[in-house]
Structure formats: C-alpha cells, structure tokens
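As a plain string of letters, each chain reads:
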Amino acid sequence: MARKAIRTERLIAVLGIVVLVLGAVAIWVATRGSGPGFVQEPPAKRVLRQAREQLGRGAEVQMIEPGRGRVVCGYVAAERRGEAVGFISRPNRMLLSDDPLNREFRAMIDADCPGFPEPPALPVAP
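Residues numbered from 1 in each chain as written. Predicted model: local features only at pLDDT ≥ 70, side-chain atom pairs only at ≥ 80, totals over all residues. Heavy atoms only, no water.

**Student:** Give a description of the side chain of Q50 that names residues and reports values.
**Tutor:** If you trace the backbone, Q50 turns up in helix α2 (residues 43-55). In this structure the side chain of Q50 is engaged in a polar contact, spanning 2.5 Å, whose partner is the side chain of S89. With residues near it in sequence (within four places) discarded, Q50 still touches S89, R90, P91, N92, R93 and M94. (Helix = DSSP H or I, 4+ residues; strand = E, 2+ residues; numbered from the N terminus. Polar contact = N/O pair within 3.5 Å; in protein donor to acceptor, adjacent residues only side chain to side chain. Contact = heavy atoms within 4.5 Å.)

Structure below.
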C-alpha cells in the first residue's frame, strides 16, 4: 500500500485559507457591538457609579450635560443637597473640579464641554 503524502503547496494553501477565515471571524466578533460583552452603560448610571466610588454612597448627581462623544459634564455633591462640585466623566475616569488637577479639569471642560454652566444655587434653608 502506497502512503499518500500531502504536498507542501496544498498544505500551505489550506493553512492560509484557515488563517484568513479565522481572522475574518475575529474581526466580525470584535466589531459587532451588540454582543453581551459590548453593552454600554448609560451616562447617568455611569456618572452615579463613578461619583459614589469617589465621594461615597451618599453622592448625588445634581446636573448632567452631554459633552462631545461619550463625555458627560455636570455637577455632583457628596451628600443630598450638599455643595456641588463640577465633574467631567469619561467611560473610564471621572475628574472633579476640586481635584488637585484643576488645570487639566479646565482644559478638558474647554475641549469637551463648551458652555459649561456655573454650579446650581443651593436652596436656602428656612
């Protein structure tokens, strides 16, 4: 019985096709944004989560404004009806106006949230 040998050219062609198919499948999986691993957190939930991580469980979002892209700007307080501080929120980071990086905060606000309003006035207690 003669043993059939796989020719090198045929093996290279088959492996090349397999690599191309696997690459196409990988690109398709990575770019289809509707899969379970690609669900985007709504901006309001993201801001509240980030504020609670930085300011504590009692943090309250007082105002949210959309910025450019996925950036959100506004005001948060450490507690209910507390003093508002400005924030700029990106999906992976929240920067507050009272942070030591005030210059960076101002630059980000100017670039991503033009027309950022002054903090809301606190109601006067009777």
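**Student:** Explain the pattern of salt bridges to me, using residue names and the numbers behind them.
**Tutor:** In total, this model carries six salt bridges according to the counting rule given. In this structure, the salt-bridge partner of R7 is E9, at a minimum N-O distance of 3.8 Å. The residues R7 and E9 share a single accessibility class, namely exposed. Notably, a salt bridge pairs R49 with E53, separated by 3.3 Å at the nearest N-O pair. Here the residue R49 and the residue E53 both occupy positions in helix α2, the gap between them amounting to four residues, near one helical turn. Beyond isolated ion pairs, a larger network of salt bridges with shared partners links E41, R49 and E53. (Salt bridge = Lys/Arg side-chain N within 4 Å of Asp/Glu carboxyl O. Buried < 20%, exposed > 50% of the residue type's maximum accessible area, 1.4 Å probe, protein only.)

**Student:** Please provide a residue-by-residue account of the side chain of S89, values included.
**Tutor:** Mapping S89 onto the fold places it in strand β3 (residues 84-90). A polar side-chain atom of S89 sits 3.1 Å from a polar atom in the side chain of R46. Those residues in contact with S89, other than ones at most four positions away along the chain, are R46, V47, Q50, R70, V71, V72 and M94.

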